[in-house]
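# A structural walkthrough
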Amino acid sequence: MKNILYLECYSGISGDMTVGALLDLGAHREVLEETLCSMGIEGYHLHFGRKKKCGIDAYNFDVELEKEQEGHAHHTHHSEEHIHKHEHRHLSDILEIIERLKVKENIKQTAKHIFQIVAEAEAKAHGIEIEEVHFHEVGAIDSIIDILSTAICLDDLGIEEVIVSPLSEGHGYVTCQHGVMPVPVPATANIAAAYGLELRLTDNEGEMVTPTGAAIAAAIRTMDKLPEKYKIKKIGIGAGNKDFKNANILRAMLIEPIAEEKEEKKWILETNIDDSTPEALGYTMECLLEAGASDVWYMPIYMKKSRPAFLLKVICEKDQIERMEDIIFVQTTTIGIRKYQVDRKVLDRRIEQIMTKYGEGKVKICNYKGQVFCYPEYESIKEICNREKIDFQKVYIEIKKAAEEKFLG
């Protein structure tokens with residue numbers, strides 16, 4: 001089964017909350033620290049700990065800079081705006097830092113994508129080109145680390161799909177280096193608009209969704225909604241630094257969809273045919289399938305006067321009946337069609353790409369009462385056979401074996 005992550009953002013989302021939740025979920029602290037060392041940036045140390053938020057135990061991740069600007073109020077991580085003394089960075093500077101990392105390419109791409117989203121939003125907010133954007137806050141060391149750490153932890157956990165809940169946001173104003181900004185701040189609002197993030201307004205005073213948090217949600221989300229039924233395999237909770245009347249936490253859950261057989265109503269059309277050519281019948285089947293029939297088949301029968309004939313059967317939806325009848329009456333010699341409704345139970349299924357020694361192949365994955373079945377797809381087998389000049393059985397066995405190793409463990 002795929003590793004599916006659900007981020008429950010009922011108290012908003014920020015960079016450090018995300019990292020804390022992923023570490024609590026099981027991402028390895030040692031992997032994170034070792035990877036960040038390859039960045040070549042000094043002047044900070046990482047804080048790993050626990051804290052209670054409204055009585056709930058949560059993982060507290062923080063980046064502490066060795067030199068902080070004197071005389072400034074220390075903003076919470078929830079505004080992603082620790083006012084530190086730091087150099088201004090452009091997007092190109094940050095991409096260069098990411099490129100120095102000794103990590104897999106997918107980690108770099110995730111981090112770059114998050115920064116690109118923030119840069120686009122800031123450029124729009126200030127009415128400048130993306131190359132001109134100075135990362136006053138998001139370019140600070142702590143926020144660079146938040147974004148990189150998120151990408152590293154996602155990879156470490158082997159996350160393949162991500163669902164993000166609506167993002168709860170506060171109201172009022174927040175002070176940042178550009179001055180007093182309305183909540184949500186312009187960059188956050190721009191990200192939500194550009195990437196279709198759903199915001200849910202609360203009566204909490206202040207910022208709950210930071211630009212970095214919104215960019216992370218936009219960059220890593222791959223699925224729009226939770227499955228109807230699922231099991232929670234593991235929970236991680238990341239702590240925010242602000243205090244609201246509700247627990248200021250980000251809850252991350254590894255979930256497993258519960259696959260069920262689907263009961264559905266279908267219609268069967270059938271007719272006896274004894275005076276159409278096999279070529280006409282073959283063409284009729286192709287037309288019916290192209291028109292959306294769920295299945296089409298012929299059965300040999302004997303009709304009156306002992307004539308050999310065929311029984312044509314078609315399974316379709318109710319709103320497809322007229323179209324199927326048109327094809328049958330026009331393409332065959334029949335003058336009558338029987339039809340009746342049937343119940344059909346189908347297993348949950350999906351098509352997956354699987355890597356084999358012959359290259360990529362497609363396999364149908366079906367679930368039934370906790371069991372997983374793997375069925376190689378015919379067209380995929382055919383394509384490999386023709387390309388590699390090998391027999392059908394070898395390819396079938398190889399795809400099935402590779403699929404079972406991946407999905408059955």
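For every chain, the first residue of the written sequence is number 1, and numbering continues from 1 onward in sequence order. Where totals are concerned, whole chains, interfaces and linings use all residues; where local detail is concerned, this predicted model gives features only for residues with pLDDT of at least 70, and gives and counts side-chain atom pairs only at 80 or more. Excluding hydrogens and water, the side-chain values take into account all heavy atoms of the structure.

## Digging into the side chain of serine 165
Heads up, the condition is: Working definition: helices are DSSP H or I runs of at least four residues, strands are E runs of at least two. Numbering for both runs from the N terminus. The term polar contact refers here to a pair of N or O atoms within 3.5 Å; inside protein, the definition further demands a hydrogen-donor-capable atom paired with an acceptor-capable atom, and it admits residues adjacent in sequence only when both atoms are side-chain atoms. By the convention used here, residues are in contact when the closest approach between their heavy atoms is within 4.5 Å.
Inspection of the secondary structure puts serine 165 in the loop between strand S4 (161-164) and strand S5 (167-171). Of note is the side chain of serine 165, whose polar atom sits 2.8 Å from the backbone nitrogen of cysteine 9. Residues contacting serine 165, with those up to four places away along its chain left out, are Tyr6, Leu7, Glu8, Cys9 and Tyr10.

## Section: the packing of aromatic side chains
For clarity, the threshold we go by: For this analysis, a ring pair means two rings from Phe, Tyr or Trp (six-membered ring only for Trp) whose centres lie within 6.5 Å, classed as stacked if their planes differ by under 30 degrees, edge-to-face if by over 60, and tilted for the remaining angles. Whether a residue is buried, partly exposed or exposed follows from its accessible area with a 1.4 Å probe, protein chains only, as a fraction of its type maximum: under 20%, in between, or over 50%, in that order.
Within the structure shown, the criterion is met by five aromatic pairs. Between tyrosine 298 and phenylalanine 310, the aromatic rings sit 6.2 Å apart at their centres with planes inclined by 75 degrees, giving edge-to-face as the arrangement. Residue tyrosine 298 is located in strand S12 (residues 295-303), and its partner phenylalanine 310 is located in strand S13 (residues 307-316); the two are separated by twelve residues in the primary sequence. Since its relative accessible area comes to 21%, tyrosine 298 is described here as partly exposed.

## Focus: the pattern of salt bridges
What counts, and what does not: The salt bridge definition used is simple: a Lys or Arg side-chain nitrogen within 4 Å of an Asp or Glu carboxyl oxygen.
Taken as a whole and judged by the stated rule, the model has 21 salt bridges. With a shortest N-O distance of 2.7 Å, lysine 266 and glutamate 317 are connected by a salt bridge. Of the two residues, lysine 266 is situated in strand S11 (residues 262-273) and glutamate 317 in the loop between S13 and helix H9 (321-331); the sequence distance between them amounts to 51 residues. A relative accessible area of 34% places glutamate 317 in the partly exposed class. The salt bridge involving glutamate 377 is made with lysine 364; its shortest N-O contact spans 3.9 Å. You can see glutamate 377 sitting in the loop between strand S17 (371-376) and helix H10 (378-388) and its partner lysine 364 sitting in strand S16 (residues 359-368), a full 13 residues away along the chain. Note on glutamate 377: relative accessible area 25%, which makes it partly exposed. By relative accessible area, lysine 364 is classed as partly exposed at 27%.

## Describing the side chain of glutamate 8
By secondary structure assignment, the location of glutamate 8 is in strand S1 (residues 4-8). Those residues in contact with glutamate 8 that sit more than four places away from it in its chain are Ser165, Leu250, Arg251 and Met253.

## Details of the packing of helix H3 (residues 91-100) against helix H4 (residues 105-126)
Formally: Axis definition: a line fitted to C-alpha atoms, over the contacting stretch in the case of helices. Angles run 0 to 180 degrees between N-to-C directions. Between 65 and 115 degrees an angle is taken as roughly perpendicular, under 35 as roughly parallel, over 145 as roughly antiparallel, and anywhere else as oblique. Three categories are distinguished: nonpolar for Ala, Val, Leu, Ile, Met, Phe, Trp, Tyr, Cys and Pro, charged for Asp, Glu, Lys and Arg, and polar for the others, with Gly belonging to the last.
Running from N to C, H3 and H4 point in directions that differ by 170 degrees, and their axes come no closer than 10 Å. The orientation of H3 with respect to H4, classified from their angle, is roughly antiparallel. Note on element contacts: H4 touches H3 through Lys108, Ala111, Lys112, Phe115, Gln116 and Ala119, opposite Leu91, Ile94, Leu95, Ile98 and Glu99. When the residues that make up the contact of H3 with H4 are grouped by side-chain class, the tally is seven nonpolar, one polar and three charged.

## Observations concerning the pairing of S17
Stated formally: Should DSSP find at least two bridges between two strands, the strands are taken to pair.
Along S17, the buried face is formed by Val372, Cys374 and Pro376; none of Gln371, Phe373 and Tyr375, which line the opposite face, is buried. Note that S16 and S17 share six bridges and pair antiparallel. Paired with asparagine 367 across the strands is valine 372, a residue of S17. Hairpin connection of S16 to S17: two residues between the antiparallel strands, including lysine 369 at a positive phi of 50 degrees.

## Notes on unusual backbone geometry
Among all residues save glycine, negative phi is the norm, and among peptide bonds the norm is trans. Cis geometry is found at the peptide bond from valine 183 to proline 184, where omega equals -5 degrees. Within the element layout of this structure, proline 184 appears in the loop between strand S7 (179-182) and helix H6 (186-195). Phi angles above zero are rare outside glycine, and lysine 305 is one such case at about 65 degrees. With respect to the element layout, lysine 305 can be found in the loop between S12 and S13. Of the residues examined, lysine 305 reaches a relative accessible area of 74% and is grouped as exposed.

## Section: helix H11 (residues 392-407)
Quick reminder of the rule: Expected span, for any helix, means 1.5 Å times one less than how many residues it has. When we speak of the arc, we mean the arc of directions from the helix axis to the C-beta atoms.
Given a rise of 1.5 Å per residue, 16 residues ought to cover 22 Å, and the 22 Å separating the end C-alpha atoms of H11 matches this to within 8%. Those residues of H11 lying buried are Val395, Glu398, Ile399, Ala402, Ala403 and Phe407. The arc that holds every buried residue of H11, seen down its axis, measures 140 degrees, which confines them to one face. Of the residues in H11, the exposed ones pointing more than 90 degrees away from the buried face are Ile397 and Glu405. At its buried positions, H11 is contacted by strand S15 (348-356), S16, S17 and H10.

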